[in-house]
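Structure at a glance
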Amino acid sequence: MKRKSLLTIFSLFATSAITVPPARADVKLPAVLDSHMVIQRDQPVRIWGWAGADENVTVTLGEQTQSATADGAGRWLMTLKSQQADGKPRQIKVAGTNTIDLEDVLVGEVWIGSGQSNMEWHFANTTGAAEAIAVADHPNVRLFHVPKVNAKEKAEDVNAKWKTCTPQNVPTFSAVLYYFGTRLHEELDVPVGLINSSWGGSPIEPWTSKTGIPAACTTV
């Protein structure tokens, strides 16, 4: 389990996501950039997405406003200045031919939990789960659960949403990631975003880039 920027994290979703290319010229964000998310404190804030080819896109976060022009494929990326974890929710506005308003965005620690069955193990299957789930109410801990979908190529997006940590949202979340995240939240006293991208019994190859797999593994 290792902390990464959201942009780096998103490249790890290939084994458990489905590619969703933009179908129209409206500005679109990946699911991992949405209301109720947590952005990593004290690091540049990267916002990216899709729009019409050569479309101008503007992103506003607090007093910061930046613009970028989508490339010929409609992709765009911009980097905003880092934010401090002060516990205050933020709004992010993304504007092009349409406008997207992200609400209740927190700044704190963002961690990804990945791997096989040990990481995937559902909170509901742990010892004392009923009692633990009943008190799993942490407004400043946010959960993002990447769904399992077979894909031959690296995905650009997933069908998932950020959720607040509540008794209703934790039963099928990773038990290891939940306990790690809530302890981190308690000790650091900052919001925590937890991204669960795990798949029990999965081989190592789907989690590895094509260039990273040794030649011996690619020639049978």
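Thresholds applied
- Residues numbered from 1 in each chain as written.
- Predicted model: local features only at pLDDT ≥ 70, side-chain atom pairs only at ≥ 80, totals over all residues.
- Heavy atoms only, no water.
- Phe/Tyr/Trp six-rings, centres within 6.5 Å; stacked < 30°, edge-to-face > 60°.
- Helix = DSSP H or I, 4+ residues; strand = E, 2+ residues; numbered from the N terminus.
- Buried < 20%, exposed > 50% of the residue type's maximum accessible area, 1.4 Å probe, protein only.
- Core = buried A, V, L, I, M, F, W, Y, C linked by side-chain atoms within 4.5 Å.
- Contact = heavy atoms within 4.5 Å.
- Salt bridge = Lys/Arg side-chain N within 4 Å of Asp/Glu carboxyl O.
- pLDDT = per-residue confidence, 0-100.

1. Brief notes about the packing of aromatic side chains
Going through the model one piece at a time under the given rule, you end up with five aromatic pairs. With centroids separated by 5.3 Å and ring planes inclined at 90°, the aromatic side chains of Phe 123 and Tyr 179 adopt a geometry described as edge-to-face. Remark: Tyr 179 occurs in helix 4 (residues 175-188) and Phe 123 occurs in the loop between helix 2 (117-120) and helix 3 (129-134); sequence separation between them is 56 residues. Taking the relative accessible area as the measure of exposure, Tyr 179 reaches 41% and is therefore partly exposed. Consider the rings of Phe 144 and Trp 162, whose centres lie 5.3 Å apart with planes at 45°: the pair is tilted. Note that Phe 144 is positioned in strand 9 (residues 138-145) and Trp 162 in the loop between strand 9 and strand 10 (163-165), a separation of 18 residues in sequence. Of the two residues examined, Phe 144 and Trp 162, each falls in the buried class. Three or more aromatic residues joined by ring pairs form one cluster here, namely Phe 123, Tyr 178 and Tyr 179.

2. Focus on the nonpolar core
Soluble, globular proteins show a tendency: their nonpolar side chains are buried together. By size, the foremost hydrophobic cluster in this structure holds 35 residues, and its most contacted members are Ile 47, Trp 76, Ile 92, Val 94 and Phe 144. The contacts of Ile 47, once residues within four sequence positions are left out, are Leu 29, Leu 33, Val 59, Trp 76, Leu 77, Met 78, Leu 80 and Ile 92. Judged by nonpolar contacts, the second largest core, of 18 residues, contains Ala 129, Leu 143, Cys 165 and Leu 184.

3. Here we look at the pattern of salt bridges
Applying the stated rule across the entire model yields eight salt bridges. Note that Arg 75 is salt-bridged to Glu 156, the shortest N-O span being 2.2 Å. Here Glu 156 lies in the loop between strand 9 and strand 10 and Arg 75 lies in strand 6 (residues 75-80), a separation of 81 residues in the sequence. Residue class for Arg 75 comes out partly exposed when judged on its relative accessible area of 38%.

4. Side note on the environment of Trp 121
Inspection of the secondary structure assignment puts Trp 121 in the loop between helix 2 and helix 3. On a C-alpha basis, the gap between Trp 121 and Ala 175 in space is 6.0 Å, while along the polypeptide they are 54 residues apart.

5. Let's talk about the environment of Phe 173
The topology assignment puts Phe 173 in the loop between strand 10 and helix 4. For Phe 173, a relative accessible area of 2% gives the class buried.

6. A look at the confidence of the model for the protein
Averaged over every residue, the pLDDT of the protein is 88; residues scoring 70 or more account for 86%. Here residues 4-23 scores under 50 on pLDDT; set against residues more than four positions off or in separate chains, the count is 65 contacts.

7. Here's the deal with the environment of Ser 197
Here Ser 197 lies in strand 11 (residues 192-198). Ser 197 sits in the buried class, given a relative accessible area of 0%. Sequence separation between Ser 197 and His 145 is 52 residues, and the spatial gap between their C-alpha atoms is 6.5 Å.

8. Quick word on the side chain of Ser 202
Looking at the element boundaries, Ser 202 is found in the loop between strand 11 and helix 5 (215-218). Setting aside chain neighbours within four positions, we find Ser 202 in contact with Gly 115, Gln 116 and Trp 207.

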